[in-house]
Amino acid sequence: MILASDTARRGSRSDESPGSTDEPPIIALSNIVKSYKMGGEDVMATRGISLTVARGEFVAIMGASGSGKSTLMNIMGCLDVPTSGHYHLDGVNIRSLADRALSRIRNRKIGFVFQGFNLIPRMSALQNVELPMAYAGIKPAERRQRAIVALSLVGLGGRLEHVSSELSGGQQQRVAIARAISTNPALILADEPTGTLDTQSSVELMTIFSNLHAHGRTIVMITHEHDVAAYASRVVEVRDGMIKSDHVQRALAPAPSRIGQSGTTTIDADEFEG
Ligand SMILES: Nc1ncnc2c1ncn2[C@@H]1O[C@H](COP(=O)(O)OP(=O)(O)OP(=O)(O)O)[C@@H](O)[C@H]1O
Ligand SMILES: [Mg+2]
């Protein structure tokens, strides 16, 4: 996928947004090893990854297929536990938590955007966005209100009652983003969010992510595409279960968005500042 030739738009904001020093990093991974037993053999998905992500960073994780990116993200998202090593999420040692506390912290602190959208097919956009808020214990009226705001922010204010099959791929991915941000999470994790999208939808998606980043959200996103990684403030490359390179870059400023021009709403991540 080739995004617009927009190197000219680079440089409209600061290179990176490091968290203030008195806050713990959102993510602190220390020597994370994950191995799977397969037919008597150990498959090493990660081989000792240490990575710190400060509040406000937008990190792209890149690397070949099978290099361990999703494994790492599943651990960051508390969807999987490492074989060895330590993970502190926003200062909390994950290993110290019982299951219920872990799912509570996951629901409150993390918004997930996965490739393939993971929307529930027969539910409307509104219901899909409300669901994780129900798990997070937010009351029905507030859930509804926040879901409407989140969907409006991603340009879907006119599609609230549509079920997934009545939405395009890009629109479904935007529902997934609305769902991820509606709980006001400290951290947004995205595994190849543009993987199935056409160029225009990818640009719109990255515009939303850029705006969230510009408003202080912390985002970790896996991508295979350099054009997509260009929107991040830092690129971490994983190879064979280890970090091969890690560098800060000037994040590409987003293209002007088409979303909202049809009269629904414009994207303004200000409303999400918590
Ligand atoms: N549940 C599992 N059981 C056994 N092996 C696994 C499991 N999950 C992942 N692996 C192995 O761990 C390695 C890393 O997988 P992972 O899914 O993290 O790769 P990835 O970098 O996300 O790849 P891709 O870009 O193809 O999504 C691979 O060799 C994979 O086969
Ligand atoms: Mg993967």
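Residues numbered from 1 in each chain as written. Chains lettered and ligands numbered in written order. Predicted model: local features only at pLDDT ≥ 70, side-chain atom pairs only at ≥ 80, totals over all residues.

A. Structural view of the overall build of the protein. Helix and strand counts for the protein come out as 7 helices and 10 strands. Sorting the 274 residues of the protein into buried and exposed places 41% on the buried side. Restricting to contacts in the protein with at least 6 residues of sequence separation, those with at least 24 account for 74%. (Helix = DSSP H or I, 4+ residues; strand = E, 2+ residues; numbered from the N terminus. Buried ≥ 20, exposed ≤ 12 C-beta atoms within 10 Å, placed from the backbone. Contact = placed C-beta atoms within 7 Å.)

B. Structural detail: the confidence of the model for the protein. Model confidence for the protein is summarised by a mean pLDDT of 84, while 84% of its residues fall at 70 or above. In this model, residues 1-17 is a region of pLDDT below 50 whose contacts with residues beyond four sequence positions or in other chains number 35 contacts. Note that pLDDT drops below 50 for residues 260-274; the model gives that stretch 33 contacts with residues more than four away or on any other chain. (pLDDT = per-residue confidence, 0-100.)

C. Main features of the nonpolar core. If you look at the biggest cluster of nonpolar residues, it comprises 62 residues, and the most contacted ones within it are Ile61, Leu151, Ala178, Ile188 and Val220. Not counting residues up to four positions away in its chain, the partners in contact with Ala178 are Val129, Ala150, Leu151, Leu153, Val154 and Leu156. (Core = buried A, V, L, I, M, F, W, Y, C linked by C-beta atoms within 7 Å.)

D. Focus on helix H3 (residues 125-135). Residues of H3 that are buried include every one of Ala125, Leu126, Asn128, Val129, Glu130, Pro132 and Met133, and no others. Buried residues along H3 sit in contact with helix H2 (99-109), helix H4 (140-153) and helix H5 (169-182).

E. Highlighting the pairing of strand S2 (residues 41-53). Note that strand S1 (residues 27-38) and S2 share 10 bridges and pair antiparallel. When the sheet's bridge partners are listed, Val33 is paired in S2 with Arg47. Between S1 and the antiparallel strand that follows it, S2, lie 2 residues; Gly39 among them carries a positive phi value of about 50°. (Pairing = 2+ DSSP bridges.)

F. Here's a closer look at the sheet that holds strand S8 (residues 218-222). As summarised here, the arrangement of the 6 strands in space is S6-S7-S8-S3-S9-S10, forming an open sheet in which the pairing is mixed. Edge positions in the sheet fall to strand S6 (110-114) and strand S10 (242-248), since each has one partner strand and no second. Strand-to-strand twist across the sheet, computed as the mean angle between neighbouring axes with direction ignored, equals 15°. In this structure, strand S3 (residues 58-62) lies alongside S8, joined through 4 bridges in parallel fashion. Within the sheet, the bridge partner assigned to Ile61 lies in S8 and is Ile222. (Axes fitted to C-alpha atoms, helices over the stretch in contact; angles between N-to-C directions.)

G. Just the site of ligand 1, in detail. The local shell around ligand 1 consists of Tyr36, Met38, Val43, Ala45, Gly63, Ser65, Gly66, Ser67, Gly68, Lys69, Ser70 and Thr71. Among the secondary structure elements, those contributing two or more residues to the shell around ligand 1 are S1, S2 and helix H1 (69-76). (Near = placed C-beta within 6 Å.)

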